[in-house]
There are 4 protein chains.
Amino acid sequence: MSKTANAGGHEGSAPHLHRLVLFSDAVFAIAITLLAIEIHPPEHWTSIADLFGQMGHKLWAYAVSFAVIGVYWISHRRIFARLRTANGVLDVLNLVVLGLIGLLPLVTELLWEHGGAAAIVYLGLVTAIGFALAALWGYAAFAGELTGPVHRGEALFTLARVAIAPGLMCGLIFFALNHAWGLILLALALGAFIAGGRYMRRQAEQAVEIDQPEEASA
Amino acid sequence: MSKTANAGGHEGSAPHLHRLVLFSDAVFAIAITLLAIEIHPPEHWTSIADLFGQMGHKLWAYAVSFAVIGVYWISHRRIFARLRTANGVLDVLNLVVLGLIGLLPLVTELLWEHGGAAAIVYLGLVTAIGFALAALWGYAAFAGELTGPVHRGEALFTLARVAIAPGLMCGLIFFALNHAWGLILLALALGAFIAGGRYMRRQAEQAVEIDQPEEASA
Amino acid sequence: MSKTANAGGHEGSAPHLHRLVLFSDAVFAIAITLLAIEIHPPEHWTSIADLFGQMGHKLWAYAVSFAVIGVYWISHRRIFARLRTANGVLDVLNLVVLGLIGLLPLVTELLWEHGGAAAIVYLGLVTAIGFALAALWGYAAFAGELTGPVHRGEALFTLARVAIAPGLMCGLIFFALNHAWGLILLALALGAFIAGGRYMRRQAEQAVEIDQPEEASA
Amino acid sequence: MSKTANAGGHEGSAPHLHRLVLFSDAVFAIAITLLAIEIHPPEHWTSIADLFGQMGHKLWAYAVSFAVIGVYWISHRRIFARLRTANGVLDVLNLVVLGLIGLLPLVTELLWEHGGAAAIVYLGLVTAIGFALAALWGYAAFAGELTGPVHRGEALFTLARVAIAPGLMCGLIFFALNHAWGLILLALALGAFIAGGRYMRRQAEQAVEIDQPEEASA
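In this text the structure is predicted, and so the values were computed from the model without any measurement.

Novice: Explain the overall build of chain A to me, using residue names and the numbers behind them.
Specialist: The secondary structure content of chain A amounts to eight helices and zero strands. Classification of the 218 residues of chain A by burial places 44% in the buried group. Looking at chain A alone, contacts between residues at least 24 apart form 76% of all its contacts between residues at least 6 apart.

Novice: Which residues make up helix α4 (residues 88-101) of chain A, and what are the values?
Specialist: The end-to-end C-alpha distance of α4 of chain A is 20 Å, a good match for the 20 Å that 14 residues give at a rise of 1.5 Å each. Of the residues making up α4 of chain A, those classed as buried are Leu90, Asn94, Leu95, Val97, Leu98, Gly99, Leu100 and Ile101 of chain A.

Novice: Go over helix α6 (residues 117-143) of chain C, please, and point to the residues and values.
Specialist: Taking 1.5 Å of rise per residue, 27 residues should cover 39 Å, and α6 of chain C covers 37 Å from first to last C-alpha, within 8% of that figure. Positive backbone phi, at 50 degrees, marks Glu145 of chain C, one or two positions downstream of α6 of chain C.

Novice: Tell me about the confidence of the model for chain A, and please be specific about residues and values.
Specialist: All names here are of chain A. Of all residues in chain A, 89% have pLDDT values of 70 or greater, and the mean over the chain is 81. In this model residues 1-11 is a low-confidence stretch, pLDDT under 50, and it forms 16 contacts with partners more than four residues away in sequence or in other chains. Of the regions scoring below 50 in pLDDT, residues 214-218 engages in 18 contacts with residues more than four places distant in sequence or in other chains. If you check the scores for this complex, the pTM reads 0.85 and the ipTM reads 0.80.

Novice: Quick one: what's the story with the environment of Arg84 of chain A, residue by residue and with numbers?
Specialist: Note that Arg84 of chain A resides in the loop between α3 (48-81) and α4. Sequence separation between Arg84 of chain A and Leu51 of chain A is 33 residues; the distance between their C-alpha atoms is 50 Å.

Novice: Tell me about the packing of helix α4 (residues 88-101) of chain B against helix α6 (residues 117-143) of chain B, and name the residues and values.
Specialist: Axes are the key here: two packed helices are described by the angle between their axes and the distance separating the axes. Residues and elements named next belong to chain B. At a minimum axis separation of 9 Å, α4 and α6 run at an interaxial angle of 165 degrees. Between α4 and α6, the crossing angle belongs to the class labelled roughly antiparallel. Relative to α6, α4 is oriented so that their crossing is left-handed. The residues of α6 that touch α4, namely those facing Val89, Leu90, Leu93, Asn94, Val96, Val97, Leu100 and Ile101, are Leu125, Ala128, Ile129, Ala132, Leu133, Ala135, Leu136, Tyr139 and Ala140.

Novice: Please set out the packing of α3 of chain A against helix α7 (residues 152-178) of chain A residue by residue, giving values where relevant.
Specialist: Residue and element names in this part refer to chain A. Contact pair α3 / α7: the axes reach a minimum separation of 11 Å and the direction vectors enclose 165 degrees. Judged by the angle between their axes, α3 and α7 are roughly antiparallel. Handedness of the α3/α7 crossing: right-handed. Between α3 and α7, the contacting residues are Val64, Val68, Val71, Tyr72 and Ser75 on the first element and Val162, Pro166, Cys170 and Ile173 on the second. Partitioning the contact of α3 with α7 into residue classes produces eight nonpolar, one polar and no charged.

Novice: Can you break down the environment of His16 of chain B residue by residue, with the values?
Specialist: In this fold, His16 of chain B is placed in helix α2 (residues 13-34). Spatially, the C-alpha atoms of His16 of chain B and Asn87 of chain B are 8.1 Å apart, while their sequence positions differ by 71 residues.

Novice: Now, about the environment of Gly130 of chain D: what can you tell me, with residues and values included?
Specialist: All names here are of chain D. With respect to the helices and strands, the residue Gly130 is situated in helix α6 (residues 117-143). A C-alpha to C-alpha distance of 15 Å links Gly130 and Phe80, two positions 50 residues apart in sequence. Apart from the residues lying within four places of it in its own chain, the contact partners of Gly130 are Val162, Ala163, Ile164, Pro166 and Gly167.

Rules behind the numbers
- Residues numbered from 1 in each chain as written.
- Chains lettered and ligands numbered in written order.
- Predicted model: local features only at pLDDT ≥ 70, side-chain atom pairs only at ≥ 80, totals over all residues.
- Helix = DSSP H or I, 4+ residues; strand = E, 2+ residues; numbered from the N terminus.
- Buried ≥ 20, exposed ≤ 12 C-beta atoms within 10 Å, placed from the backbone.
- Contact = placed C-beta atoms within 7 Å.
- Expected span 1.5 Å × (residues − 1).
- pLDDT = per-residue confidence, 0-100.
- Axes fitted to C-alpha atoms, helices over the stretch in contact; angles between N-to-C directions.
- Parallel < 35°, antiparallel > 145°, perpendicular 65-115°, else oblique.
- Left-handed = near helix turned anticlockwise from the far one by under 90°.
- Nonpolar A, V, L, I, M, F, W, Y, C, P; charged D, E, K, R; others polar.

What follows is the structure, given as structure tokens:
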């Protein structure tokens, strides 16, 4: 099969990719579910409003981190959907991404217990995950040739978006907590990334005849 | 392949659905298993009867939450069994469902430590999950056209059942704790949903020639 | 396809079984890994021998519970390897098995903190899991007709073995802790189950032409 | 199919291997994610530098254990990529590997709270996992004949590498913490294992016509 042939390794590449996805999905799922495990109900509360009042900041941090992991899961899924094969370098880069994802429950706890400076640590981790995932994509698309043929411009745009979008979004959300007009910036940034992505994909479709991955067996 | 062809996306849809299912199953499994992690045996107990006496309310809450997650897992499985393809909106709706599922261990802890008002919070979360899953199904069946052709009446019935059945069941169980005749209501509601489901499926089978999903590769 | 055709349901049965397996494996894996999460190193220890001295009973309980979950995972895998299709009753019976598996970390904690009476609770849970899994197999093989054709004698032997072997083994291990000659009983029981299983399988092979499940796609 | 035919069991071997992989990946993923769950932010900290100062040793232990589990996951994946079939002995050997992996979060906690002697316990566990995984590979390649035809020399080299490489690496990292020139030893050892692996694989490719596993369906 051409798929196995261009993998160039001595083990089949479809099972390799499949296990990377299995393992990654389990790590994402555990990290996302552990976000809630350190949240405990308060000892005393008088009414439901009081309960939400006391737990509000924790639930808020839970929602933000859930969104962050969700966004990175979607990015991860989309990147892996474009891979044709895998190698040892991809294993290592993927482990770095997952290792940083695994720290999110910890910094989420930090976020709800301490404000201010904790938000910087949080943003730093979110940004670091973005760069690690971008490194994975950059390696896969350019250095490792693990994808099918890609449109250079679109792949570079994806690289930039994966690297900076989640950190930027997250920073703007924190900013908008104090300055409501930050929501406008957030909407603009979101719109720019979506519009840019669509434009780039159209470019890619016109430029090259993308040979659609027929991953019927995965 | 016709399956890939009608997906209309630039990535294969079978792997997309497969990863959604992998990820969701992991989250369901973790949430269901974490239900027990906060239950610890009491410091002192004199006999097995005493042990169960002290832990009874926690085991009861465990059983209820296990049933709730189990019911939602079954609903989730049935809905996803009818999907042919997936898109970004489905990703987000699914994340909302999972984000609410992830809070169940927390509200279960609330339930066993506080009675009364905690039951309302619990019911609120169960209902919210139902509405989120119904939104996912509604989007998939009507707006996003992610399913094969569906019988309108049957799809609407499914929508209503997914949205209200678990919350209603759960409320009736709580009600039956104080008023034993609530069990009759529970049995009636359960029977109505099952009978309604069978009737609707028969309607659907008569009305349209359902083209059976041949998901041999998933 | 004949596989889908004899499933007789309105949803494909291969994905249904696949999701049951995905979900079950995740629950087994989480329960088995959570066994260790409540074990913490002692505050003070002077040497490695002292460390093991202080943690020995916890590591012992960990090993026993790991073996119990491992044995049940193997039983579960073997049972599911013989299923051809799945239905809602199987979902529910499987949830009951998983719900009991999820309690093992809790009773393991009980076991290492309290001796004696806790061992009875532990044995009770192990036995209950055995009966739940036997009920699942019994339903699948006899009532629900979810398997291919089975040899009646062999299926009944499997039923009995699944129900009583793990509880009996576990009880004999506990017995052997106080009475070393219990190990002889343990070896005899183990031998009997293995020999019985082999005999029954030979009977089954002679009696019926087992049509080997060609589950290439699962 | 030749694959099923040479399995020689009464159940299909592809699903058996698939479930082993599903279950193992879930255990690896949970163990790797639980590494972080016992790390909590300090009560008081004045600046981000202070925060990292207080948490540095924990993050360091997290990174080391993440790398250890990552390396073993990669070894596990590579070994399983070469298996053609599975049996009950493989189940048990795999459970032993996973049971030791499940103890890593515990010894990681030990490592960050106590120095010195804890490092010996840690190294002991890492080495034990290596030997367990080597036993699995040795059984699969030589005794159980679960692989396709293997080159004897290459399989023995793999056996030795799986058994001693991670423990040796980990020991050298600990050594390099006190003696910087240990890094040279580490680089030499790493280079030797990689060079040896390449040499052996070339030998194997020249010696036997490896029939490439066409695991399209796994």
